[in-house]
Amino acid sequence: MLVDDSATILMSMSAVLTKQGFEVTTASHGADALGKLRSARPDLIISDLNMPTMDGMTFVREARKLPGVRFTPILMLTTESEPAKRQEARAAGATGWLVKPVSSDALLTVIRQVLPGA
Amino acid sequence: MPLWKRPRRGACAGDPGTGDPVRRRAGHAIEQAVPAFGLLGAQLGNVVRTTEQVALRYLTEIEAVDGAAADVEVQAARLADLTAQQGIELAEVSRVSRQTGEEVERLLAHVVHRDRAVIDLVEEVRALGDHLGIIQKISRSTTTLALNAKIEASRAGEHGAGFQVVADEVRELSRQSDEAARLIGQKIEQLARRLAVAMDGGSDGGDAGAGGADDSDAALTDRLHTVARQQRGLVERLDTFASRVEGAARELVLDSGTVHGLTTTMMTELQFQDVTRQVIEHVATTLDELGEQFTAVSGVLAGRADDRSMAHLEAAMERIRSGYVMARQRETHAELTGAQGQDAQAPAVELF
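The structure displayed is predicted, hence computed values, not measured ones.

### Quick look at the overall build of chain A
Piece 1. Scanning chain A for helices and strands turns up 5 helices and 5 strands.
Piece 2. Moving toward the C terminus, one meets the helices and strands of chain A in the order β-α-β-α-β-α-β-α-β-α.
Piece 3. Taken over 118 residues, chain A has a buried fraction of 54%.
Piece 4. Nonlocal contacts in chain A, meaning residues at least 24 apart in sequence, comprise 58% of its contacts between residues at least 6 apart.
Piece 5. Accessible area of chain A: about 4900 Å², with a carbon and sulfur share of 51%.

What follows is the structure in C-alpha cells.
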C-alpha cells in the first residue's frame with residue numbers, strides 16, 4: 001500500500017512496483033489509508049510523512065492499533081531527514097525511513113530486506 | 001528596540017490617530033504592495049500544478065515505452081525461439097540432403113555399372129553374329145556339296161537315285177539352315193540396335209533434339225553432382241542466416257531488458273516533482289504569512305491598528321525555518337542567515 005498526497009508519487013512508485021510484480025493499493029492521506037486497512041491486508045506499507053487531513057506520523061500510530069497491521073512493515077518515504085523526526089517515527093512504530101528522491105535500486109533493496117519472499 | 005516600537009518624531013507615542021503624512025503614505029504604499037504576496041503565491045501554485053501535469057503526462061509516456069519494450073522483448077524472444085527451431089529443421093534438411101547426395105552417387109555408380117554390363121551384353125550379342133556367319137558359310141558349303149552330290153548321282157544313273165534324293169534333302173536343309181541363320185542374324189542386329197538406342201537415352205536413332213549430345217552418362221553425373229552441391233550450399237547459407245537472425249533476436253531481448261531498467265529509473269526520477277512541490281508550497285505559505293504581517297504593518301502606519309498587531313513579525317524567520325521539510329532547505333537557510341547548520345547528514349535509507 002502506498003500512502004502519499006502527491007499524485008506523481010503514487011503513480012510513479014505504483015508503476016515501478018507493479019513492474020516488479022507487486023500488487024499496489026494507493027491512498028492519498030493517512031485517514032484514507034486507515035479506511036482501506038480495515039478490509040485490506042497489505043504485506044508492506046510505504047507512507048509519506050507530510051500529508052493533509054492525517055499526517056504520516058499519526059497514521060503509523062493508528063495503523064499499529066489495527067490487529068492485522070501490528071507486524072506489517074511500514075516504511076516512511078519522505079523529503080524529511082531530521083534525526084528527531086526519524087526517532088519519532090521509529091517510536092510510533094515505523095520499520096524504516098527513506099528520503100526522497102530514492103532510487104529504484106535502493107527502494108527495491110529495502111523492500112526485499114523487509115519482505116524476504118519478495 | 002524593533003523599528004516599529006521606536007517613538008515617532010513630532011508625535012505622541014501611543015496616539016494612533018495622529019500619524020504624520022510620511023507614515024500614512026508608507027502605510028498606504030505597503031497596502032498597495034500586499035496583494036503582490038498573494039499574487040506570487042498564486043503563480044507559485046501554477047508552477048506546482050503545471051509541473052504535476054507534465055510529470056503525470058511524462059509518466060504515461062514512459063509507461064507506454066515500457067509496454068512497447070515489453071512487447072518487443074516477447075516478440076524478440078519468440079523470434080529467437082522460432083529461428084532456433086528453424087536451425088534444428090535446417091540441420092535435419094542438411095542431413096537429409098547429404099544422404100540424398102550419397103544415394104544419388106550410389107545410384108549413379110549402379111547405373112554406370114549396369115550400363116557397362118549392358119554395353120558388354122550388346123557387344124556379346126553382336127559377337128553372336130560372327131558365329132552366325134560361320135553357320136551361314138557352312139550352310140553354303142553344304143549346299144555346294146549337295147549340288148556336287150546330285151551331279152555325281154546323276155552320273156551314277158539309276159544306282160544314284162537314292163543318293164540324289166538325299167542330296168536334295170541336304171540341300172533343302174542347308175537352305176532352311178541358311179534362312180534361319182539369316183533371320184537370327186536380323187533379330188540379333190535389331191536387338192543390339194535397340195539396346196544401343198536405350199543406352200543412348202531413348203532416342204530412336206539419329207539426333208534426340210536439344211541437349212541430346214549432352215545427355216551422356218558423364219554429363220548427367222556432373223549435373224547431378226552440381227545440383228547436390230548447390231543444394232548443400234543453399235542449406236548452409238540458410239543455416240548461417242538463421243543463426244544470425246537468432247543472435248540478433250537474443251540481443252534484442254537483452255536490449256529490451258535494458259530499456260526496462262531505464263524506464264524504471266525514469267519513473268523514480270519523477271519524484272523531483274513532489275520534492276519541488278513541497279519547496280514551492282512552503283514558499284507560497286510563507287509569502288501569504290508575510291502578506292498578512294505587512295497588512296498589519298500598514299494598518300499601524302495608517303493609524304488604524306496598534307502595534308500589538310505586528311507582534312509576530314519578528315518571529316517570521318523562525319516560522320520560515322520551522323516549516324522546512326527537507327535538509328536542503330535548512331542548509332540554504334543556514335548559509336544565508338549565518339545560523340548554525342544541521343548536524344552530519346543522516347543516511348538516505350535506514351531500517352530501524
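### Topic: helix 1 (residues 7-19) of chain A
Residue and element names in this part refer to chain A.
Piece 1. With 13 residues, helix 1 should cover 18 Å at 1.5 Å per step; its first-to-last C-alpha distance of 18 Å lies within 8% of that length.
Piece 2. The set of residues buried in helix 1 consists of T8, I9, L10, S12, M13, S14, A15, V16 and L17.
Piece 3. Phi for G21, located one or two positions after helix 1, is positive at around 100°.

### As for the pairing of strand 5 (residues 96-99) of chain A
Piece 1. Because side chains alternate across strand 5 of chain A, one face comprises the buried residues A:G96 and A:L98, and the other comprises A:W97 and A:V99, equally buried.
Piece 2. As judged from the 4 bridges shared by strand 4 (residues 74-78) of chain A and strand 5 of chain A, these two strands associate in the parallel manner. Bridge pairing in strand 5 of chain A links A:L77 to A:L98.
Piece 3. With respect to chirality, the unit in which strand 4 of chain A leads through helix 4 (residues 83-92) of chain A into the neighbouring parallel strand 5 of chain A is right-handed.
Piece 4. Sheet topology places strand 5 of chain A next to strand 1 (residues 349-351) of chain B; 3 bridges connect them, and they run antiparallel. Of the residues in strand 1 of chain B, the one forming a bridge with A:G96 is B:L351.

Scoring rules and cut-offs
Residues numbered from 1 in each chain as written. Chains lettered and ligands numbered in written order. Predicted model: local features only at pLDDT ≥ 70, side-chain atom pairs only at ≥ 80, totals over all residues. Heavy atoms only, no water. Helix = DSSP H or I, 4+ residues; strand = E, 2+ residues; numbered from the N terminus. Buried < 20%, exposed > 50% of the residue type's maximum accessible area, 1.4 Å probe, protein only. Contact = heavy atoms within 4.5 Å. Areas by Shrake-Rupley, 256 points an atom, 1.4 Å probe, with all protein chains shown as cover. Expected span 1.5 Å × (residues − 1). Pairing = 2+ DSSP bridges. Right-handed = clockwise from strand over helix to strand, strands pointing away.

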